[in-house]
Amino acid sequence: MDNAISMKFKAERFRERLESMLKKFPPDQYAEAVSMKIHDSFQNHRLMGRYPIHFLLHSIQANCAFYNTNRTEVLTEKKLQQVLNHYRQYFDPVAEYFLTKEDGVEPFFINLQRQQFFAQRSQGVNSIGRAILLFTEKHYPKSEKYVMDIYGISFKEWLQIGFSISSVIYKQGKGIPLPRFLQLYQRLASEQTMNTFFYLNSISPVEIKEFNRLIDDKVGQTFSLFYETYLQGVFVEKPMLKLNETDYLIIHEELFMEKATNGIYDLCKKDIQSDFGMEFGHHFEGYIITLLKEFLPHKHVFTEKQLRNLTDKKICDIMLVFDDYIFLIECKGI
């Protein structure tokens, strides 16, 4: 009970002080300035100590939730460091709790991953190549029909729009004026389809305030801070901040690329888990076989279809046979 009271007290004090600092800054200005710090920190890892990405992401979300429209102050480097120092001085009570338990090491690192590591992961050419191989061929008749019927966007269009936005980011910066983007890429997809992509992957400051309010209602204001830890923040699902009716801001390029490459999977897994699971599982197995045959002589790779000709008993998806050992592989696309 004493530990629970201590956790509650720390969370309340942290929230109160954070709100008092962040409520002064208009979200559009704060998000633009802090997202550039995220970019700089990711590009130069030596800056991560001064600008921890997970603190910066959380602060943008908190700023949207706490902003008082009657207050307007300009964010300076000194004021930003005051915010970050407040984060540094707050030792996460959830992590502290785990470290007091004999079996707490594993959940401690899971907690750490959900707070920090997801924001430090890079989406390189391998991620792009995997998405193209997995989602541009016609292996998902039921799933793609569902997404077309409900959202009006094909798998290929999703990837093309996402990669096009990514190219704009790297050439012109993190701000995306929607009318200009529609004009430049009008041959890519219909205006309605591109608007749908922006809608599915963006959130406004007002919507973030409502998002946080719903968390407060669900778990209580005191413990919502702990809940946010396990959510990984709103920008994992919605990596674009909608500043107004025409302008969008990419909060963190790598979170956006994660959504561009894996968003189809997330969407289908949430809406049509059974049908998509069957279609994706079969195609993912083929994708793994393709990769293995790129790096190994074909004579070492035996597929389930080949093994099925030898037995009617339960078998694995893939078997790799070498002179001294055998690998049995089960493909799980999670």
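Criteria and thresholds
- Residues numbered from 1 in each chain as written.
- Predicted model: local features only at pLDDT ≥ 70, side-chain atom pairs only at ≥ 80, totals over all residues.
- Heavy atoms only, no water.
- Helix = DSSP H or I, 4+ residues; strand = E, 2+ residues; numbered from the N terminus.
- Buried < 20%, exposed > 50% of the residue type's maximum accessible area, 1.4 Å probe, protein only.
- Contact = heavy atoms within 4.5 Å.
- Areas by Shrake-Rupley, 256 points an atom, 1.4 Å probe, with all protein chains shown as cover.
- Lys, Arg positive; Asp, Glu negative; His and termini not counted.
- Charge placed at Lys NZ, Arg CZ, Asp CG, Glu CD.
- Core = buried A, V, L, I, M, F, W, Y, C linked by side-chain atoms within 4.5 Å.
- Salt bridge = Lys/Arg side-chain N within 4 Å of Asp/Glu carboxyl O.
- Pairing = 2+ DSSP bridges.
- Arc of directions from axis to C-beta.
- Axes fitted to C-alpha atoms, helices over the stretch in contact; angles between N-to-C directions.
- Phe/Tyr/Trp six-rings, centres within 6.5 Å; stacked < 30°, edge-to-face > 60°.
- Lys NZ or Arg CZ within 6 Å of the ring centre and 35° of its normal.
- Parallel < 35°, antiparallel > 145°, perpendicular 65-115°, else oblique.
- Left-handed = near helix turned anticlockwise from the far one by under 90°.
- Nonpolar A, V, L, I, M, F, W, Y, C, P; charged D, E, K, R; others polar.

*Asks:* Can you walk me through the overall build of the protein in this structure?
*Replies:* Looking only at helices and strands, one finds 16 helices and seven strands in the protein. Counting only C-alpha atoms and orienting by the principal axes, one finds that the protein spans roughly 70 × 60 × 40 Å. Taking all 334 residues of the protein together, 44% fall into the buried category. Sequence separation of at least 24 residues holds for 70% of the intrachain contacts in the protein that already meet a minimum separation of 6. When the accessible surface of the protein is summed, it comes to about 18800 Å², and 54% of that surface belongs to carbon and sulfur atoms. If you average the places of the 41 positive and of the 42 negative side-chain charges in the protein, the two averages end up 3 Å apart.

*Asks:* Hey, could you run me through the nonpolar core in this one?
*Replies:* Core analysis: the biggest nonpolar cluster contains 45 residues, and Phe135, Ile165, Ile176, Phe198 and Phe256 have the highest contact counts within it. In this structure Phe256 touches Gly162, Ile165, Ser166, Ile169, Phe197, Pro239, Met240 and Ile250, once residues within four positions along its chain are discounted. If you look at the next biggest cluster of nonpolar residues, it comprises 37 residues, including Phe55, Leu80, Ala119 and Ile208.

*Asks:* Quick question: what am I supposed to make of the pattern of salt bridges here?
*Replies:* Note that side chains of opposite charge can pair when their charged atoms are close. Per the stated rule, a full pass over the model turns up 13 salt bridges. For Arg71, the salt bridge goes to Glu73, with nearest N and O atoms at 3.7 Å. If you follow the salt bridges from partner to partner, you end up with Lys37, Arg50 and Glu77 in one network.

*Asks:* How should I be thinking about the pairing of strand E7 (residues 326-329) in this particular structure?
*Replies:* Here strand E6 (residues 318-321) pairs with E7 via four bridges, running antiparallel. Residue pairing across strands places Val321 opposite Ile326, the latter belonging to E7. Between E6 and the antiparallel strand that follows it, E7, lie four residues.

*Asks:* How should helix H7 (residues 125-135) be read in this particular structure?
*Replies:* A turn of α-helix holds 3.6 residues, and therefore any two residues three or four places apart point the same way. Every buried residue of H7 is listed here: Ser127, Ala131, Leu134 and Phe135. When H7 is viewed along its axis, its buried side chains cluster within an angular range of 75° and face the same direction. Turned more than 90 degrees away from the buried face of H7, the exposed residues are Val125 and Asn126. Elements in contact with the buried residues of H7: helix H9 (155-172), helix H14 (253-271) and helix H15 (273-295).

*Asks:* Help me out: how do you make sense of the sheet that holds E7 in this one?
*Replies:* Sheet strands associate in pairs through backbone hydrogen bonding, adopting either a parallel or an antiparallel arrangement. Taken in spatial order, the three strands of this open sheet run E5-E6-E7, and their pairing is antiparallel. Each of the sheet's edge strands pairs with one partner strand only, and the pair in question is strand E5 (301-303) and E7. Strand-to-strand twist across the sheet, computed as the mean angle between neighbouring axes with direction ignored, equals 15°. Here H15 sits on the sheet in contact with E5, E6 and E7, set at roughly 15° to E6.

*Asks:* Explain the packing of aromatic side chains to me, please; I cannot follow it from the model alone.
*Replies:* The geometry of an aromatic ring pair is captured by the separation of the ring centres together with the interplanar angle, meaning the angle of the planes. Under the counting rule described, the total for this entry stands at 21 aromatic pairs. Between Phe25 and Tyr30 the ring centres are 5.8 Å apart and the planes differ by 20°, which places this aromatic pair in the stacked class. Through a chain of ring-to-ring contacts, the aromatic side chains of Phe135, Tyr140, Phe155, Tyr265, Phe276, Phe280, Phe284 and Tyr287 assemble into a single cluster. Looking at Lys238, its charged tip hangs above the ring of Tyr199, at a distance of 5.9 Å from the centre.

*Asks:* Is there a simple way to think about the packing of H7 against H9 in this case?
*Replies:* Any two packed helices are characterised by the angle at which their axes cross and by the distance between the axes. Close contact between H7 and H9 brings their axes to 10 Å; oriented N to C, the two are set at 160°. Taken together, the axis directions place H7 and H9 in an arrangement best described as roughly antiparallel. You can see that H7 and H9 cross each other, and the crossing is left-handed. Between H7 and H9, the contacting residues are Ile128, Ala131, Ile132 and Phe135 on the first element and Phe155, Leu159 and Phe163 on the second. Of the residues that constitute the contact of H7 with H9, the class distribution is seven nonpolar, no polar and no charged.

*Asks:* Explain the sheet that holds strand E2 (residues 202-203) to me, please; I cannot follow it from the model alone.
*Replies:* Read from one edge of the open sheet, four strands run E1-E4-E3-E2, paired in mixed fashion. Each end of this open sheet is capped by a strand with a single partner; those strands are strand E1 (175-177) and E2. Where E1 lies against strand E4 (residues 247-250), three bridges are found, and the strand directions are antiparallel. Residue pairing across strands places Ile176 opposite Tyr248, the latter belonging to E4.

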